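Listed below are the residues making up each chain.
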Amino acid sequence: MASGADKPVVFRDFVSTAPDARFKTEAGRYHLYVSLTCPFACRCLAVLYMKGLEHVIGVSVTHPTFQRTRPNDHEDTHCGWAFVKPTDPPLAATNGKGAFPCTGCVPDTVNGVKFVRDLYEMAGGKKVTFSVPVLWDKQEKTIVNNESPEIMRMLNNAFNALAKHPEVDLYPEALQSTIDDSAAWVGPHINMAVYKCGFAADQAAYDAGFKDLFSGLDRAEALLGGRRYLTGDTVTEVDIKLFMTLIRFDEAYFLCYKTNKKLIRDYPNLCNYVRDLYHIPGIGRTVDMYHIKAGYFTSKPDMNPNVIIPGGGEAWWAQPHDRADKFGAGRRGGGGALRWLQRLPEWAPHAAASAAAALAVGAALGSSRRR
């Protein structure tokens with residue numbers, strides 16, 4: 001039996017405006033560590049952007065390709081997220097193949113560590129997965145929370161007094177039960193079902209995950225044929241959770257995780273829904289297709305020994321959508337939040353150009369012999 005000192009450390013604390021809170025709402029106190037590959041980390045980043053909290057909470061972005069986190073210890077074979085500068089030389093995969101640029105990376109400017117693992121060990125984390133997102137408290141030098149749904153709620157609620165867009169509410173009281181009901185099936189039957197396929201240990205497990213996933217996608221397709229967003233005419237946190245899986249599906253999961261029954265762009269409603277959400281500035285800003293593809297195709301060389309990144313197709317997600325015309329631009333709360341979310345004249349061209357550039361980089365990498 002393991003001793004108490006060997007038990008996993010759980011990071012489930014909360015930032016709060018309460019006067020007696022351990023982690024009080026303060027500008028400049030917290031830092032968010034993410035990977036642009038990871039859908040769970042990007043959920044939190046989207047909320048941070050949508051609320052307008054960049055001036056309140058700093059962000060560091062890992063390299064998309066896993067690295068040996070203790071390269072000088074031959075007995076420690078752990079591989080995980082690494083921090084680099086965007087100007088650093090390209091990194092190879094852990095099997096030595098490839099050379100993947102550091103474009104879009106942001107180093108750890110708070111603690112100066114090289115790996116996400118270092119953050120957990122600084123915070124006393126043992127026998128845990130060294131995952132992202134990580135919400136870090138600079139004052140106590142520890143991890144506040146590493147659960148994406150809880151970090152999303154904190155960013156949505158706890159920093160309103162400091163946010164540029166406090167009117168954006170992704171978990172409004174009137175919709176909370178509906179949001180929770182939606183998350184109860186989107187989570188296991190779509191968000192996690194892709195991993196059931198990708199990491200299945202045998203054919204039976206894969207077949208079950210495959211069936212579950214496409215049943216979930218069919219359900220979402222049918223639902224979104226009758227409403228603009230999952231809970232009605234308002235963007236909520238569950239839409240962000242669904243989007244982060246859908247945007248990765250065609251370019252990563254379809255091949256890497258063998259989810260090859262249909263592409264998202266083959267679903268009329270899901271395809272249009274992804275375009276709708278992508279054109280919301282705070283959500284589309286999290287999409288870096290180079291990081292997404294590089295992460296999935298280079299971080300686990302046992303699944304892709306030659307570490308080749310597929311070229312991919314056109315950036316269909318950046319194309320225009322017609323869901324505003326079909327369902328209206330949103331009415332809840334006088335439409336204040338949605339009017340801001342749909343203010344796109346300067347964003348849409350930038351988003352399309354960014355997506356096209358990311359695909360070009362991915363195509364170039366996929367056609368090389370590197371990694």
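- With an unreviewed UniProt entry as reference, the protein chain is termed GST C-terminal domain-containing protein, source organism Chlamydomonas schloesseri.

**A few points about the overall build of the protein chain**
And step 1. Across its full length, the protein chain holds 13 helices and eight strands.
And step 2. When the 371 residues of the protein chain are sorted by exposure, 54% land in the buried category.
And step 3. Within the protein chain, contacts between residues at least 6 apart in sequence are counted, and of these 74% link residues at least 24 apart.
And step 4. With the model as given, the accessible surface of the protein chain reaches about 15600 Å², and the carbon-plus-sulfur share is 53%.

**A closer look at the pairing of strand E4 (residues 58–61)**
And step 1. Summarising the sheet, strand E3 (residues 30–34) and E4 pair through four bridges and their orientation is parallel. Along E4, the bridge assignment pairs His31 with Gly58.
And step 2. For the crossover from E3 across helix H1 (residues 39–51) to E4, the handedness is right-handed.

**A closer look at the pattern of salt bridges**
And step 1. Tallying each qualifying case throughout the model produces 17 salt bridges.
And step 2. Between Arg265 and Asp250 there is a salt bridge, with the nearest N and O atoms lying 3.3 Å from each other. Here Arg265, found in the loop between helix H7 (237–256) and helix H8 (268–278), pairs with Asp250, found in helix H7; they are 15 residues apart in sequence, far enough to count as distant.
And step 3. Lys293 serves as the salt-bridge partner of Glu251, at 3.5 Å between the closest nitrogen and oxygen. Within this pair, whereas Glu251 is found in helix H7, its partner Lys293 is found in helix H10 (residues 289–298), the two being separated by 42 residues in sequence. The same class applies to Glu251 as to Lys293, namely buried.
And step 4. One connected set of salt bridges, linked through shared partners, spans Arg70, Asp76, Arg117, Asp118 and Glu121.

**Focus: the packing of aromatic side chains**
Any aromatic ring pair is given by two values, namely how distant the centres are and how the planes are angled relative to each other.
And step 1. One pass over the structure, following the stated rule, counts 18 aromatic pairs.
And step 2. With centroids separated by 6.3 Å and ring planes inclined at 85 degrees, the aromatic side chains of Phe249 and Tyr253 adopt a geometry described as edge-to-face. Taken together, the residues span about one helical turn, with Phe249 and Tyr253 both in helix H7 at a distance of four residues.
And step 3. When the ring of Tyr253 is compared with that of Tyr296, the centres are 5.2 Å apart and the planes differ by 80 degrees; the resulting orientation is edge-to-face. In this pair, Tyr253 is assigned in helix H7 and Tyr296 in helix H10, connecting sequence segments 43 residues apart.
And step 4. Look at Tyr253 and you get buried, because its relative accessible area is 0%.
And step 5. Taking the relative accessible area as the measure of exposure, Tyr296 reaches 10% and is therefore buried.
And step 6. Chaining the aromatic ring pairs together yields one cluster made of Phe40, Tyr195, Phe199, Tyr206, Phe210, Phe214, Phe249, Tyr253, Tyr257 and Tyr296.
And step 7. In this arrangement the basic side chain of Arg153 is found over the ring face of Tyr171, its NZ or CZ atom lying 3.5 Å from the centre.
And step 8. Across from the ring centre of Tyr49, 3.8 Å away, lies the NZ or CZ of Arg285, which sits over that ring.

**Looking at H8**
And step 1. The element H8 is extensively covered by neighbouring structure, given that 10 of its 11 residues are classed as buried.
And step 2. For H8, the full list of buried residues reads Asn269, Leu270, Cys271, Asn272, Tyr273, Val274, Arg275, Asp276, Leu277 and Tyr278.

**Observations concerning the sheet that holds strand E7 (residues 134–137)**
And step 1. An order of E4-E3-E7-E8 is seen for the four strands of this open sheet, with the pairing classed as mixed. Sheet topology places E4 and strand E8 (142–145) at the edges, where each strand pairs with a single neighbour. Adjacent strand axes in the sheet meet at a mean angle of 35 degrees, parallel and antiparallel pairs treated alike.
And step 2. Across four bridges, the pairing between E3 and E7 is antiparallel. Residue pairing across strands places Tyr30 opposite Asp137, the latter belonging to E7.
And step 3. Against the sheet, H1 makes contact with E3 and E4, and its axis sits at roughly 135 degrees relative to E3, the strand it touches most.
And step 4. Docked against the sheet, helix H3 (residues 148–157) engages E3, E7 and E8, running at close to 85 degrees with respect to E8.

**A short note on helix H4 (residues 176–191)**
And step 1. A rise of 1.5 Å per residue sets the reference length of H4, with its 16 residues, at 22 Å; its end C-alpha atoms lie only 20 Å apart and thus fall more than 12% short of the reference.
And step 2. Of the positions making up H4, those classed as buried are Ile179, Ser182, Trp185, Val186, Gly187, Ile190 and Asn191.
And step 3. Looking at the buried residues of H4, the elements they touch are H1, helix H5 (193–198), helix H6 (203–223) and H7.

**Remarks on the environment of Lys164**
And step 1. Residue placement: Lys164 occurs in the loop between H3 and H4.
And step 2. Residues Lys164 and Glu54 lie 110 residues apart in sequence; the distance between their C-alpha atoms is 9.1 Å.
And step 3. Apart from the residues lying within four places of it in its own chain, the contact partners of Lys164 are Lys51, Gly52 and His55.

**A short note on the state of the cysteines**
And step 1. Counting across every chain of the model gives zero disulfides.
And step 2. Free cysteine Cys105: the closest other cysteine sulfur is in Cys102, separated by 5.3 Å.
And step 3. Taking relative accessible area as the criterion, Cys105 reaches 3% and is therefore assigned buried.

How each quantity is defined
Residues numbered from 1 in each chain as written. Predicted model: local features only at pLDDT ≥ 70, side-chain atom pairs only at ≥ 80, totals over all residues. Heavy atoms only, no water. Helix = DSSP H or I, 4+ residues; strand = E, 2+ residues; numbered from the N terminus. Buried < 20%, exposed > 50% of the residue type's maximum accessible area, 1.4 Å probe, protein only. Contact = heavy atoms within 4.5 Å. Areas by Shrake-Rupley, 256 points an atom, 1.4 Å probe, with all protein chains shown as cover. Pairing = 2+ DSSP bridges. Right-handed = clockwise from strand over helix to strand, strands pointing away. Salt bridge = Lys/Arg side-chain N within 4 Å of Asp/Glu carboxyl O. Phe/Tyr/Trp six-rings, centres within 6.5 Å; stacked < 30°, edge-to-face > 60°. Lys NZ or Arg CZ within 6 Å of the ring centre and 35° of its normal. Axes fitted to C-alpha atoms, helices over the stretch in contact; angles between N-to-C directions. Expected span 1.5 Å × (residues − 1). Disulfide = S-S within 2.5 Å.

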